[in-house]
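Architecture and fold: a report
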Amino acid sequence: MWRKSFLVFLLSYWALKAALDSEKTTETNTCFPEFTSPCLDSKTNVIIKGQNVSLICSNQNKSLQITYSLFRHNKYLTSRCGKGEPVTFNLSITEDQELGPYKCKAEVSNCTKYSREFNFTFADPVTTPVLNVTVVQTKPDLYMTLHCITFNGSLPISYTFFAKGIAISPVISTYKREPAEFNLTKNNIGEVEEYSCEAKNSVPNRAKYSQTFRMPSRGGDSCPLCLQLLLPGLLLVLVVIILILAFWILPKYKARKAMRDKVPRHPGDTPMEGGIYANIYENQADKESVPDLEPRPCVSTAQDETGHSEEVHYATPIFQEVTPKDREACNGGKTGYVYSDIIF
């Protein structure tokens with residue numbers, strides 16, 4: 001009984017195999033020998049969210065009218081026809097499930113061919129990098145270390161350093177969020193240099209450049225950053241000198257002002273308590289007295305509180321009329337002037 005069942009199984013297997021071989025032969029004879037599987041590709045497979053992309057489906061055969069259909073996750077999206085030229089499918093990818101996989105089907109009559117799968121990947125573009133420069137002066141050379149880092153963007157990130165727009169370093173790739181470093185030795189420290197760096201990752205056409213760092217020109221014997229260090233020191237010395245002068249001059253000014261305030265402005269303001277005055281008037285015997293002229297003091301003596309005597313001298317002018325004869329003698333014979341004698 002089991003032998004009979006085994007024979008039935010063998011006959012069924014041979015019949016099924018023959019049917020499959022016949023179908024395969026029919027398909028081979030139906031498809032054109034020059035009709036190959038299509039190729040699905042894009043300019044980039046790394047994109048950012050919301051980016052518009054283009055998928056290109058092509059076939060090596062340039063003479064057949066081919067219908068191309070695009071699938072995502074075995075789901076039909078759209079179809080285009082082309083002959084001798086590839087077709088382009090434009091898409092906008094905003095979500096993770098839209099990354100793929102994508103397939104392209106090429107169809108001619110009863111012959112169908114599928115392409116390989118194609119997938120996109122999301123990535124974050126880099127932001128503007130920051131450039132820092134460390135300078136070490138050792139005669140006669142100048143040693144510099146350039147540091148460049150961007151704080152956003154998908155890893156890995158590639159950095160390149162530039163001097164006056166010309167690359168001076170190889171591409172430095174970092175796989176961690178850390179700055180790239182490049183050491184530089186400068187012999188001609190009197191020459192002005194401008195340094196910058198570039199950061200980019202797998203996102204195409206999204207490279208960013210840092211701000212330019214300008215290294216000022218210096219003499220051969222000067223040290224780097226001397227001017228920046230010297231100016232604060234000079235300002236500090238200037239402030240100290242101003243403070244010293246202020247504390248030294250201000251007390252003297254106050255003392256002089258106090259002395260000026262103590263000095264009386266009018267002679268009558270001088271206190272003379274218990275003073276004894278003696279008025280002496282001496283009339284010259286050989287001079288003619290002037291009528292209607294009262295005698296005035298010429299010498300005064302005063303005694304202060306300590307008992308010391310002080311003598312104050314006064315000069316009292318006395319005007320006397322002169323005869324015309326004397327006037328002409330004094331003036332050389334010219335008239336028109338009035339002369340007076342002053343008697344002390």
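Residues numbered from 1 in each chain as written. Predicted model: local features only at pLDDT ≥ 70, side-chain atom pairs only at ≥ 80, totals over all residues. Heavy atoms only, no water.

Examining a positive patch on the surface
Worth spelling out the cut-off: The patches described consist of residues with a relative accessible area above 30% and no salt bridge, like charges being joined within 9 Å and nonpolar side chains (Val, Leu, Ile, Met, Phe, Trp, Tyr) within 5 Å. Each accessible area value is a Shrake-Rupley result obtained with a 1.4 Å probe; residue values ignore everything except the protein chains displayed when judging cover. Basic side-chain nitrogens of Lys or Arg form a salt bridge, by our definition, when they fall within 4 Å of a carboxyl oxygen of Asp or Glu. In summary, the charge assignment counts Lys and Arg as positive and Asp and Glu as negative, without counting His or the chain termini. We put the charge of a Lys on NZ, of an Arg on CZ, of an Asp on CG and of a Glu on CD. Helix and strand labels come from DSSP, where a helix needs a run of H or I of at least four residues and a strand needs a run of E of at least two; each type is numbered from the N terminus.
Among the surface-exposed residues, Lys252, Arg256, Lys257 and Arg260 lie close enough to one another that they form a single positively charged patch. As for its placement among the helices and strands, arginine 260 is situated in helix 2 (residues 226–262).

Describing the sheet that holds strand 7 (residues 102–108)
Heads up, the condition is: DSSP calls a pair of strands paired once it identifies at least 2 bridges connecting them. Lines fitted to C-alpha atoms define the axes, with helix axes restricted to the stretch in contact, and inter-axis angles between N-to-C directions lie between 0 and 180 degrees.
Taken in spatial order, the four strands line up as 5-4-7-8 in an open sheet, and their pairing is antiparallel. Every other strand in the sheet has two partners, leaving strand 5 (75–83) and strand 8 (111–114) as the edge strands with one partner each. Ignoring strand direction, the axes of neighbouring strands in this sheet form an average angle of 20°. Here eight bridges tie strand 4 (residues 65–72) to strand 5, and the two strands are oriented antiparallel to one another.

What about a nonpolar patch on the surface?
A surface patch of nonpolar side chains, amounting to about 700 Å² of accessible area, comprises Val237, Ile241, Leu245, Trp248, Ile249, Leu250 and Tyr253. Mapped onto the fold, tyrosine 253 is located in helix 2.

Details of the pairing of strand 11 (residues 141–149)
Rules: Burial here depends on accessible area, computed with a 1.4 Å probe over protein chains only, as a share of the maximum for the residue type. Under 20% is buried, over 50% is exposed, and the range in between is partly exposed.
Of all the nine residues making up strand 11, eight are buried; the element is thus mostly covered by neighbouring parts of the structure. Here strand 11 runs beside strand 15 (residues 180–186); their pairing, made up of seven bridges, is antiparallel. Bridge pairing in strand 15 links histidine 147 to glutamate 181.

Concerning the nonpolar core
Within soluble globular proteins, side chains that are nonpolar tend to cluster in buried spots. Worth spelling out the cut-off: To form a nonpolar core, buried Ala, Val, Leu, Ile, Met, Phe, Trp, Tyr and Cys residues must be joined to one another through side-chain atoms within 4.5 Å. In what follows, a contact means two residues having at least one pair of non-hydrogen atoms within 4.5 Å.
The biggest cluster of nonpolar side chains holds 23 residues, and the ones touching the most others in it are Leu40, Leu55, Tyr68, Ile93 and Phe120. Elements that contribute at least two residues to this core include exactly strand 3 (51–58), strand 4, strand 6 (87–93) and strand 7. Sorting elements by how many residues they give to this core places strand 7 first, with four residues. Leaving out residues up to four positions away in the same chain, leucine 40 has contacts with Leu55, Ile56, Cys57, Leu70, Tyr102, Lys103, Cys104, Ser115, Arg116 and Phe118. The next biggest cluster of nonpolar side chains, apart from the first, holds 19 residues, and it includes Leu131, Met144, Tyr195 and Cys197.

Focus: the environment of proline 86
Relative to the helices and strands, proline 86 is located in the loop between strand 5 and strand 6. Overall, the relative accessible area of 43% leaves proline 86 in the partly exposed class. Counting along the chain gives 29 residues from proline 86 to cysteine 57, while the straight-line C-alpha distance between them is 5.6 Å. Dropping the residues within four chain positions of it, proline 86 is found in contact with Ile56, Cys57 and Ser58.

Describing the packing of aromatic side chains
Applied cut-off: Whether two aromatic rings pair depends on their centres lying within 6.5 Å, for rings of Phe, Tyr and Trp, where Trp uses its six-membered ring; planes under 30 degrees apart make the pair stacked, over 60 edge-to-face, and the rest tilted.
As enumerated under the stated definition, the model contains five aromatic pairs in all. Between phenylalanine 118 and phenylalanine 120, the aromatic rings sit 5.1 Å apart at their centres with planes inclined by 80°, giving edge-to-face as the arrangement. What makes phenylalanine 120 buried here is its relative accessible area of 3%. A centroid spacing of 6.1 Å and a plane angle of 55° characterise the contact between phenylalanine 162 and tyrosine 209, whose relative ring orientation is tilted. One end of the pair, phenylalanine 162, is in strand 12 (residues 157–163); the other, tyrosine 209, is in strand 17 (residues 208–209), and 47 residues separate them in sequence. A residue is classified by how much of its surface remains accessible, and phenylalanine 162, at 14% relative accessible area, is buried. Three or more aromatic residues joined by ring pairs make a cluster, and in this case those are Tyr102, Phe118 and Phe120.

Read these as geometric descriptors, not functional statements.
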